[in-house]
Amino acid sequence: MCQVNTNPMMRQEAYLNVLVPPDFIAENTSSDVIVPEDSTVQLTCKAKGDPDPTITWRREDNNDIILKDSGGMKYSARSYVGDVLTLTKVSRHDMGVYLCIATNGVPPSISKRILLGTIFPPAIKVPNQLIGAPRGSNVSMECLVEAYPRSINVWVKDTGNMLVASPKYAVQEAVQSMYVTKMVLTVRDFQKDDVGTYVCLAKSSRGESDEIIRLYEIPGPKRKLSTPRYDQNEITVGRDGGGPHPVDKGGRVIDDNDEQQQHHQHKGDSAEDGFDAGKEAIDDITDRNHHHLSSSTSVDHPKSVNSLLVAGGGGGGGAAGKSHLPTTKTVTRKPTTVRNAPDGLGDENAANPSGHDTAMSSASSIFMEYLYQRQSASSLPLFTLLNGAILLVMLLQ
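Residues numbered from 1 in each chain as written. Predicted model: local features only at pLDDT ≥ 70, side-chain atom pairs only at ≥ 80, totals over all residues. Heavy atoms only, no water.

Caption draft 1: Spatial organisation of the overall build of the chain. From N to C terminus, the chain includes 4 helices and 23 strands. For the chain, buried positions account for 31% of its 397 residues. The contacts in the chain between residues at least 6 apart in sequence include a share of 61% that link residues at least 24 apart. Roughly 25900 Å² of accessible area belongs to the chain as shown, and the carbon and sulfur atoms make up 51% of that amount. (Helix = DSSP H or I, 4+ residues; strand = E, 2+ residues; numbered from the N terminus. Buried < 20%, exposed > 50% of the residue type's maximum accessible area, 1.4 Å probe, protein only. Contact = heavy atoms within 4.5 Å. Areas by Shrake-Rupley, 256 points an atom, 1.4 Å probe, with all protein chains shown as cover.)

Caption draft 2: Representation of the state of the cysteines within the structure. Counted under the stated rule, the structure contains 2 disulfides. The residue that forms a disulfide with C143 is C200, at a sulfur-sulfur distance of 2.1 Å. Where C143 bonds to C200 through sulfur, the torsion about that S-S bond is close to -80 degrees, and the disulfide is left-handed. You can see C143 sitting in strand β15 (residues 139-148) and its partner C200 sitting in strand β20 (residues 196-204), a full 57 residues away along the chain. A single burial state applies to C143 and to C200, both of which are buried. In the chain, the cysteines engaged in disulfides, taken in order along the sequence, are linked 1-2, 3-4. (Disulfide = S-S within 2.5 Å.)

Caption draft 3: Examining the confidence of the model for the chain more closely. Residues with a pLDDT of 70 or more make up 56% of the chain, whose mean pLDDT is 74. Contacts from residues 234-242, a stretch scored under 50 in pLDDT, to residues over four places away or in other chains number 20 contacts. Note on residues 292-356: pLDDT is under 50 here. Beyond four places in sequence and across chains, it has 64 contacts. (pLDDT = per-residue confidence, 0-100.)

Caption draft 4: Just the pairing of strand β4 (residues 33-36), in detail. Every second residue of β4 is oriented toward a common face, the buried set being V33 and V35 and the non-buried set I34 and P36. Strand direction decides the pairing type here: β4 and strand β13 (residues 110-125), joined by 4 bridges, are parallel. Paired with I34 across the strands is G117, a residue of β13. (Pairing = 2+ DSSP bridges.)

Caption draft 5: Representation of the sheet that holds strand β14 (residues 130-133) within the structure. Pairing within the open sheet is mixed, and its 5 strands lie in the order β14-β21-β20-β16-β17. Only two strands of the sheet have a single neighbouring strand rather than two, namely β14 and β17 (162-163). Here 6 bridges tie strand β16 (residues 152-157) to β20, and the two strands are oriented antiparallel to one another. Residue pairing for β20: N153 is matched across the bridge by A202.

Caption draft 6: How the structure looks around the environment of P21. Its location among the elements puts P21 in strand β3 (residues 20-24). Take P21: its relative accessible area is 30%, and that puts it in the partly exposed class. Once the C-alpha coordinates of P21 and A102 are considered, the two residues, 81 residues apart in sequence, prove to be 9.3 Å apart. Contacts of P21, omitting those with residues within four sequence positions, involve K48, G49, N104, V106, P107 and P108.

Caption draft 7: Geometry of the environment of V106. Turning to its location among the elements, V106 is positioned in the loop between β12 (96-103) and β13. Of the residues examined, V106 reaches a relative accessible area of 14% and is grouped as buried. It is 7.0 Å that separates the C-alpha atoms of V106 and L19, two residues lying 87 residues apart in sequence. Among residues more than four places away in sequence, those in contact with V106 are L19, V20, P21, P22, D50 and P51.

Caption draft 8: Region of interest: unusual backbone geometry. A cis geometry characterises the amide bond from N7 onward to P8, with omega recorded as -5 degrees. Relative to the helices and strands, P8 resides in the loop between β1 (2-4) and β2 (10-12). Cis geometry is found at the peptide bond from Y148 to P149, where omega equals 0 degrees. Assignment of secondary structure puts P149 in the loop between β15 and β16. Not every positive phi belongs to a glycine, and D38 is a case in point at roughly 70 degrees. The phi torsion at K89 lies on the positive side, around 50 degrees, for a residue other than glycine.

As structure tokens, this is what we get:
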């Protein structure tokens, strides 16, 4: 108040308000709480300040708070305003950290963490109770353990032996939340002796629990081994359809049309080469017969090929009465008829048939000798020469 002594006297009054940020009252604020499941718990948070602070409750993990109304119906809320938070029949899902936040418009705002834990015995969940694996593979088995306080977790085989970390087994545990722990057992290099039952066991001061996992063997994938064939003069590259593309010596990829064209061309060249070889063989036989055998009456033949004629009649008899082999003579190809042999020649030739057989045997020997020499001096296969010669003989008959 400010006063001035005048006549009349004058004065002025003023009011000063001091703003105080919020501060918790420790004796009236809850600390961490651990209660059995299905219990009812109250979390209290008191704060002072000027003006009076407002208390808001939230979960640290941003999950909803499960509350009950006056009628006993449950509902969830992201936050709750009030000094006291009442949770009815709490379960393991209500576990977590609750934040008590005090604000009054005067910075800074303050918060307090209160841990709520619910006690319950261990419970185990198994995602897969039957697991199959082929030999030689690594097999993993999982168990999810829910317990608070935390339990002691072990793996036991049906033989009664407890499994620990070793070159054969890998044992791991991963904490997923306040009350959930993931157990993982990995069997390395699975074999027949590893088939059986595996037990995941959890034990705490509140009780114990176990679950069974059965491990069995399944057939492994079958692999087909194929040996590709490669030509001596070709290399292969990948084909879009799955097979190899042949590649010539120059490195050019040969497609299917080129392969078919080369195949037919090769067959045609082989047939022509064989036909020419057979023709040359016949010419050679003809020349040898012409020089070593006596000449005889030649006739035109309607089946002469490439101006070659094999005489078909007339044995011919000389003054000495010797029979001669039929000879050949080149004539111009024209459609003619075969002239009959003179009278007596056929009978004379029939009287001495050995002359014709001797000629054919000599011709066969000369022909086979020529084919062998021709095959040795050329790169053509023997069967190619024979095929051409057979075609020529068939045309001559």
